[in-house]
Amino acid sequence: MNFDSDYAMTIGGERVSGGATFEVLNPATEAVIARAPDASRNQLDAAVAAARTAFPDWAATPIAERRAALTALGDAVLANIDGLKRLLTAEQGKPHGDAEMEIGGAGMWLKGAATLELPVMVNEDSAERYSETRHVPIGVVGAIAPWNFPMILAMFKVGPALLAGNTMVLKPSPFTPLTTLKFGELAAAILPPGVLNIVTGGDALGPWMTEHPGIDKVSFTGSTATGRRVMQSASATLKRVTLELGGNDPAIVMPDVDVEAIAEELFWAAFRNNGQICIATKRMYVHADIYEPLKAALVTYARTVKIGDGAEQGTQIGPINNKPQYDRVLELIQDARDKGYTFLLGGDAANVPGYFIPVTIIDNPPEDSRIVQEEQFGPVLPLIKFDDLDDVIARANASDYGLGGSVWGVDEDRAFAVAERIASGTVWVNETQHLTPFAAFGGMKQSGVGVEGGLEGLLEYTNTQTIVRRRRPAGALPS
Ligand code: NAD
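Residues numbered from 1 in each chain as written. Predicted model: local features only at pLDDT ≥ 70, side-chain atom pairs only at ≥ 80, totals over all residues. Heavy atoms only, no water.

Draft legend 1. Geometry of helix α10 (residues 288–302). For α10, spanning 15 residues, the distance from its first C-alpha to its last is 21 Å, which sits close to the expected 21 Å at 1.5 Å a residue. Residue Leu294 marks the point of greatest curvature in α10, where the axis turns by about 30°. When α10 is considered as a whole, its buried residues turn out to be Ile290, Tyr291, Leu294, Lys295, Ala297, Leu298, Val299, Tyr301 and Ala302. Elements in contact with the buried residues of α10: β12 (249–253), α9 (259–271), β13 (281–287), β14 (342–345), β15 (360–363) and β16 (380–386). (Helix = DSSP H or I, 4+ residues; strand = E, 2+ residues; numbered from the N terminus. Expected span 1.5 Å × (residues − 1). Bend = angle between axes of the 7 residues up to and from the residue. Buried < 20%, exposed > 50% of the residue type's maximum accessible area, 1.4 Å probe, protein only. Contact = heavy atoms within 4.5 Å.)

Written out as structure tokens, the structure is:
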């Protein structure tokens, strides 16, 4: 496969070009690297129609065959890791090493999800009656993905939705359409036509999907603001929705940590993928006893990190993915400057081509500052001092978000007891951002509706159906 050109949508198993196209930039250089198809409304209708046509046969295909197809698709992703990773770096900005992890994770996610089981619950099995509850596919899923992890976040949806017997129309972000388009070509060689359709386009395409009467469920990953619009639009036809939205994850660093040993890991909890992770540490609460040494260790480590074009050897942090997000992060930095907060590191835009922002760490800003209260989704970390555990837990929970969080401490039981009090969908102790296809992941409060991953995530792609069989002696049916 040629990964450098020839980007087409996949509709009904066919390659389909857009009537129009839009530019895709490399965020490290701001150069246009490709043009992607800009789907028309008719082309979306065609993709939805193809998914509807494919649905009955795919739903009736034995689950073992669906498992095999998803496993083969996972293997195809892994076999093309080199081309896909280079393309992902070019359009997303992340370093090659991180891109390789994402593509590898995407392949493994498909294979892992393919092993999940759809349970059947027997409610009653008596002389009078047999009753079971099972899970049947919903129909056509409209999947909408963001730009920070275009591939793996799409696979969170593709794996379980297709395993459960649904068909899909998948739309990547207009900032990162290319890798997903190439994935569509891989899928077209493995899946029956229409089972997985890939469409790309501008700002109109997402709303067309969420209001489309031929789509039965929307699975959306993106910002909380857009999530609200998706839910509103989906309500017109009472579509099922799963919403994976924003976060403002707290990390609570207990006084007993070994500062030198842990600084590097804490740094990456906040700055991996340039901070553009829904479950990045976005507020780091550090106990007063270790605040000064940890601050020093974080800054010392941060100075060693190489920022640059993700395609260059040795780069550890790339650019911000796109101009609107770049402007938003700079605006938060400017607000912190205007308020007179202390910058331990960074704080200026890098004066080079590309959307580069240096690693920025802010020293103990007030709890009500924007950088503490808002989701920065970029390389800016507020370090905040605490000395009272109950108080810091209350501060950690005083947010409309509730996606993830972490607690760090040598006394694991004590750290675990703190983790249990954090109001987030996932809380990690002494690690962070570890996700698997076998565990539910989702947001509390305004971080989301529903979950992905695990049995619970699989069931979100099903309707629950109870079938009851009354047992009567032969000839006893009322006439
Ligand atoms: P976004 O909400 O701007 O866009 C996400 C997707 O929705 C894109 O494909 C976009 O084209 C599409 N879209 C935009 N407007 C739409 C509309 N009105 N109707 C339907 N679709 C629409 O988000 P983003 O900037 O791409 O991603 C960053 C955000 O995503 C952050 O807030 C981050 O925390 C969140 N995120 C959440 C998770 C999670 O699992 N909870 C994972 C990754 C990112």
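Having seen it, we continue.
Draft legend 2. Inspection of the domain arrangement of the protein chain at higher detail. Per the domain assignment, the segments making up the protein chain are domain 1 (9–245 + 447–466) and domain 2 (249–429). For domain 1 versus domain 2, the separation of C-alpha centres amounts to 31 Å. At the interface, 21 residues of domain 1 touch 26 residues of domain 2. With both chains or domains summed, domain 1 and domain 2 bury close to 1900 Å², and 56% of this area falls on carbon and sulfur atoms. Our enumeration of links across domain 1 and domain 2 arrives at zero salt bridges. For the pair domain 1 and domain 2, the number of links is ten residue pairs in polar contact (both at pLDDT 80 or more). Elements represented by at least two residues in the side of domain 1 that touches domain 2 include exactly α3 (81–92) and α4 (96–113). Taken together, the residues of the side of domain 1 that touches domain 2 break down into eight nonpolar, nine polar and four charged. (Domains from an automatic or database assignment. Buried area = accessible area lost by both parts, 1.4 Å probe. Salt bridge = Lys/Arg side-chain N within 4 Å of Asp/Glu carboxyl O. Polar contact = N/O pair within 3.5 Å; in protein donor to acceptor, adjacent residues only side chain to side chain. Nonpolar A, V, L, I, M, F, W, Y, C, P; charged D, E, K, R; others polar.)

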